[in-house]
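Survey of secondary and tertiary structure
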Amino acid sequence: MADEVKLHGVTGSPFVCRAVIALNLKGINYEFVAEDFSNKSADLLKYNPVYKKVPVLLHNGNPILESLVIVEYIDEVWKGVPILPQDAYEKAQARFWAKFMDDKCDPAIFKVISSHGEEQAVAEAHEALQFLENELKVKGNKYFGGDNINLVDIAAISIAYWIGAAEEALGIEVLSKHKFPKLTEWSDNYVNCQAVKDSLPPIENLVAFLKKRFSKAE
Amino acid sequence: MDDDDDVILLDLWVSVFGQRVRIALAEKGVHYENREENPQNKTPLLLEMNPVHKKIPVLIHQGKPVCESNIIVQYIDEAWHQSPSLLPSDPYLRAQARLWADFVDKKVYEAGKKIWRTEGGEQVAKKEELIEVLKVLEGQLGEKPYLVGGSFGLADIALIPFSVWFHAFGKMNIERECPKLAAWVNRCMEREAVSKSLPHPHKIYEFDQKKKKNGQ
């Protein structure tokens, strides 16, 4: 019996993008169910009554919630390209940095975008980004996962793509090459990986989406 | 990896997050050295081992640090293979375990914090908020003995330390509002690893009173 895989999401969300990257990395066929924040589908509310958010992965009718939980689930169910390291200690490190993205980086990036680059918000985002910059510097690898992308790279998609789109949409600067040379280099490599390229919304669409959502005129 | 040697836990007796790790280590029968940290005077070791957050708990295994309590619990399960398993073997149930452990962090901890920081009428409202959160967990528990699958694991470990705080603050009436969860608390407390890892509610109450007296 063939697997039935559906992903409920919106293309403007970096959290949904994490799940899309994982699915594409494993070469999984799935159906994308586009949600509308102002009119959430009955299915979304049924499968995620607790948070009512995207992404929601449905695997043979079973719902999996929260982007990082979804990515780990995808890695455990489908073999092929590994997303998490095998070693218990390396796995714990990967989970730590992925959680750091969720708890510190993404909220800080969101604050920068929603405040249109307010000084304090940018300073806080820089503080968070500096930890990741140092991690890349210390390890000296192409990706957080080493020679290949892993859970941390997937978790950090908002840095590689959403920051740039927001900078263009709102006329702000967040990730300067001068201040964050390693992250800039990592971003350039990362968005050009095939699985990642296939997962990203076209930049002009994302810029338009961010302009509309965060426009000061509204 | 069955090496029990060289396991250090940087901890704080009152921390629910530290208690999670203590429970996991006790469940696995891992011998370790517990080092009590003082949040007002953090040791150089803590700052070196957790430079990002500078917080406990930190598990140091053969000199290498693991941080973040739910991540440490999963690490303990993966580094020490003896039973019991702290996560189910089925990937879907594992995802559920992670989801509910994360829910405890996002909802129970946040709701709980508001109660400890308020008084009087405002506190009553915050207690009601927490009860609503606990009702969601009551729903997840259903007729099962534990939160996910049939065995005690990550999600239970994430939640059970909070039960001491509910008890310490009394008048929460968990038994009436969430009877299944109340029964689950008793079931978990029957496990030696849990009961010996958690402080008595009276100590928590004393600790909180002292903090309030000191204006914290």
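It should be noted that the structure appears before, not after, this text.
Remember, it's a predicted structure, so these values are computed and weren't measured experimentally. Residue numbers restart at each chain and count upward from 1, following the sequence in its written direction. Chain labels run from A onward and ligand labels from 1 onward, assigned in the order the entries are written. Reporting of local features is limited, given that this is a predicted model, to residues whose pLDDT is at least 70; pairs of side-chain atoms are given and counted only at 80 or more, and all residues count toward the totals for whole chains, interfaces and linings. Side-chain metrics in this entry use all non-hydrogen atoms of the structure; hydrogen atoms and water are not considered.

**Some points on the interface of chain B and chain A**
Our working definition: Residues count as neighbours in contact if any of their non-hydrogen atoms are within 4.5 Å of one another. Buried area: the accessible surface (1.4 Å probe) lost by two parts on joining, summed over both. By convention in these notes, a salt bridge is any Lys or Arg side-chain nitrogen within 4 Å of a carboxyl oxygen on Asp or Glu.
Taken together, the contact between chain B and chain A spans 28 residues of the former and 25 residues of the latter. A combined buried area of about 2300 Å² lies between chain B and chain A, and 67% of that area is made up of carbon and sulfur atoms. Together, V52, I71 and Y92 of chain B form the three largest contributors to the area buried by chain B at its contact with chain A, with a combined 24%. Taken together, the links from chain B to chain A amount to 6 salt bridges. Ionic pairing is found between K106 of chain B and E66 of chain A, a salt bridge with its closest N-O pair at 2.9 Å.

**Some words on helix 1 (residues 14-25) of chain A**
All names here are of chain A. Spelled out, the test is: Numbering of helices and strands runs from the N terminus; a helix is a DSSP stretch of H or I covering at least four residues, while a strand is a stretch of E covering at least two. In a helix, the anticipated span is given by 1.5 Å times the number of residues less one. Categorising residues by exposure relies on relative accessible area from a 1.4 Å probe, with only protein chains included: less than 20% of the type maximum marks a residue as buried, more than 50% marks it as exposed, and the intermediate range marks it as partly exposed. Side-chain atoms alone can form a polar contact between residues adjacent in sequence; in general such a contact is a pair of N or O atoms within 3.5 Å, and within protein one must be able to donate a hydrogen while the other accepts it.
Taking 1.5 Å per residue as the helical rise, helix 1 with its 12 residues ought to reach 16 Å, and the 16 Å between its terminal C-alpha atoms agrees with that figure. With 10 of 12 residues buried, helix 1 is to be regarded as a mostly interior element. Those residues of helix 1 not exposed but buried are P14, V16, C17, R18, A19, V20, I21, A22, L23 and L25. Sitting at the amino-terminal end of helix 1 is S13, which places a side-chain oxygen 3.1 Å from the backbone nitrogen of F15.

**Remarks on helix 10 (residues 201-213) of chain B**
All names here are of chain B. Stated formally: The arc in question is traced by the directions running from the helix axis to the C-beta atoms.
End to end, helix 10 covers 18 Å across 13 residues, agreeing with the expected 18 Å (1.5 Å per residue, within 8%). Inspection of helix 10 places P201, I204 and D208 among the buried residues, and these make up the whole buried set. Projected down its long axis, helix 10 carries its buried residues within an arc of 60 degrees, all on one side. For helix 10, the exposed residues set more than 90 degrees away from the buried face come down to K210 and K213. Residues of helix 10 that are buried make contact with helix 4 (91-116) and helix 6 (154-168). Positive backbone phi, at 75 degrees, marks G215, one or two positions downstream of helix 10.

**Side note on the packing of helix 1 (residues 16-28) of chain B against helix 3 (residues 69-79) of chain B**
All names here are of chain B. Heads up, the rule is: Working convention: axes come from line fits to C-alpha atoms, limited for helices to the stretch in contact. Angles between N-to-C directions cover 0 to 180 degrees. Here the angle decides the label: under 35 degrees means roughly parallel, over 145 means roughly antiparallel, 65 to 115 means roughly perpendicular, and every other value means oblique. Residues are grouped as follows: Ala, Val, Leu, Ile, Met, Phe, Trp, Tyr, Cys and Pro are nonpolar; Asp, Glu, Lys and Arg are charged; every other residue, Gly included, is polar.
Packing of helix 1 against helix 3 brings their axes to within 9 Å, and their N-to-C directions diverge by 10 degrees. When the axes of helix 1 and helix 3 are compared, the pair comes out roughly parallel. Side by side, helix 1 and helix 3 meet where F17, R20, V21, A24, L25 and K28 of the first sit next to S69, N70, I72, V73, I76 and D77 of the second. Of the residues that constitute the contact of helix 1 with helix 3, the class distribution is 7 nonpolar, 2 polar and 3 charged.

**A look at the packing of aromatic side chains**
Heads up, the rule is: Ring geometry is summarised as follows: Phe, Tyr and Trp rings, the Trp one being its six-membered ring, pair when their centres sit within 6.5 Å, and such pairs are stacked at plane angles under 30 degrees, edge-to-face over 60 and tilted between the two.
Counted according to the given criterion, the structure contains 16 aromatic pairs over all chains. Here Y89 of chain A and Y75 of chain B contribute two aromatic rings whose centre-to-centre distance is 6.5 Å and whose plane-to-plane angle is 85 degrees, an arrangement assigned as edge-to-face. A residue pair is termed interchain when its members come from two chains, as with Y89 of chain A in helix 4 (residues 88-114) and Y75 of chain B in helix 3. Pairing Y161 of chain A with W162 of chain A gives two aromatic rings, centres 5.8 Å apart and planes at 70 degrees, and the pair type is edge-to-face.

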